[in-house]
Amino acid sequence: MRNRFIKYIGKEALIAEGEKVLLAVSGGVDSMVMAKLFAEAGIPHALAHCNFNLRNEEAERDEEFVKRYARDHGIKLFVKHFNTRQYAADNRLSIQMAARKLRFDWFDELSVKYNYQLIATGHHRDDQIETFF
């Protein structure tokens, strides 16, 4: 898989020499495989994890998992907690759209502040809602 990943990035010219990538990781399989592939490929990157405070203990477990992964692999990690329900109510958005807006605004902020040229999200072929938006 690693070789296919590296070959695809080169073929599509997705990452230029010297560019740094901010990886959006949830702690789920898709984003953690992405993180592993970036590490194995030697591509400069950091991780960004959002806790939307929507899933109680499950969200806390995901956050701890991502923190442990980053610590164990020596990867820079950014974590942010959001009051997603309040933001959705204040802005008359669905929870999903509020989370998406909060997430990408924060990723953009991190990119500017820490000079990440690219943002990568991990999702699989059936994650059509992310692709759609």
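Our subject is the structure listed above.
Residues numbered from 1 in each chain as written. Predicted model: local features only at pLDDT ≥ 70, side-chain atom pairs only at ≥ 80, totals over all residues. Heavy atoms only, no water.

Draft legend 1. Layout of the nonpolar core. Ranked by size, the top nonpolar core spans 17 residues in total, and within it Leu23, Val25, Phe38 and Leu47 carry the most contacts. Secondary structure elements with two or more residues in this core: helix H1 (2–12), strand S1 (21–24), helix H2 (29–41) and helix H3 (56–73). In this structure, Leu22, Phe78, Phe82 and Ala99 belong to the second largest nonpolar core, which totals 14 residues. (Core = buried A, V, L, I, M, F, W, Y, C linked by side-chain atoms within 4.5 Å. Buried < 20%, exposed > 50% of the residue type's maximum accessible area, 1.4 Å probe, protein only. Helix = DSSP H or I, 4+ residues; strand = E, 2+ residues; numbered from the N terminus.)

Draft legend 2. Structural context of the packing of H2 against H3. Relative to each other, H2 and H3 sit at 5 degrees, their axes nearing to 12 Å. The orientation of H2 relative to H3 falls into the category roughly parallel. Of the residues in H3, those touching H2 at Met32, Ala35 and Lys36 are Phe65, Val66 and Tyr69. (Axes fitted to C-alpha atoms, helices over the stretch in contact; angles between N-to-C directions. Parallel < 35°, antiparallel > 145°, perpendicular 65-115°, else oblique. Contact = heavy atoms within 4.5 Å.)

Draft legend 3. Spatial organisation of the pattern of salt bridges. Using the criterion set out here, one finds seven salt bridges in the structure. With its nearest N and O atoms 3.9 Å apart, the salt bridge here joins Lys11 to Glu12. The exposure class of Glu12 is partly exposed, given its relative accessible area of 37%. The salt bridge involving Lys101 is made with Asp105; its shortest N-O contact spans 2.6 Å. Pair noted here: Lys101 and Asp105 are both in helix H5 (residues 95–114), with a separation of four residues, about one helical turn. Judged by relative accessible area, which is 36%, Asp105 ranks as partly exposed. It is possible to trace a salt-bridge network through shared partners that takes in Arg55, Glu58 and Asp62. (Salt bridge = Lys/Arg side-chain N within 4 Å of Asp/Glu carboxyl O.)

Draft legend 4. Inspection of the pairing of strand S3 (residues 77–81) at higher detail. Note: strand S2 (residues 45–51) against S3, five bridges, orientation parallel. The residue bridging Leu47 from the neighbouring strand is Leu77, located in S3. (Pairing = 2+ DSSP bridges.)

Draft legend 5. Structural context of the packing of aromatic side chains. Tallied over the full model, the rule gives seven aromatic pairs. Taking the centre distance of 5.2 Å and the plane angle of 65 degrees together, the rings of Phe5 and Phe38 count as edge-to-face. One end of the pair, Phe5, is in helix H1; the other, Phe38, is in helix H2, and 33 residues separate them in sequence. On the numbers, 5.9 Å between centres and 40 degrees between planes, the contact of Trp106 with Phe107 is tilted. Judged on exposure class, the residue Trp106 and its partner Phe107 are both buried. Through successive ring pairs, a cluster of aromatic residues spans Phe52, Phe82, Phe104, Trp106 and Phe107. One Lys or Arg, Lys20, reaches over the ring of Tyr116 and ends 4.5 Å from the middle of that ring. (Phe/Tyr/Trp six-rings, centres within 6.5 Å; stacked < 30°, edge-to-face > 60°. Lys NZ or Arg CZ within 6 Å of the ring centre and 35° of its normal.)

Draft legend 6. Quick look at H5. Helix length check: H5, at 20 residues, gives a terminal C-alpha distance of 28 Å against a target of 28 Å (1.5 Å per residue), a fit within 8%. Of the residues making up H5, those classed as buried are Ala98, Ala99, Leu102, Arg103, Trp106, Phe107, Leu110 and Ser111. Backbone geometry just after H5 places Asn115 at a positive phi near 60 degrees. (Expected span 1.5 Å × (residues − 1).)

Draft legend 7. Up close: the sheet that holds S2. With parallel pairing, four strands are arranged side by side in an open sheet as S3-S2-S1-S4. Both edges of this open sheet fall to S3 and strand S4 (118–121), since each of them pairs with a single strand only. Neighbouring strand axes in the sheet, compared pairwise and without regard to direction, differ in orientation by 25 degrees on average. Together, S1, S2 and S4 form the strand contacts of H2, whose direction differs from that of S1 by roughly 155 degrees. Together, S1, S2, S3 and S4 form the strand contacts of H5, whose direction differs from that of S2 by roughly 150 degrees.

Function-wise, these values are silent; they only describe arrangement.
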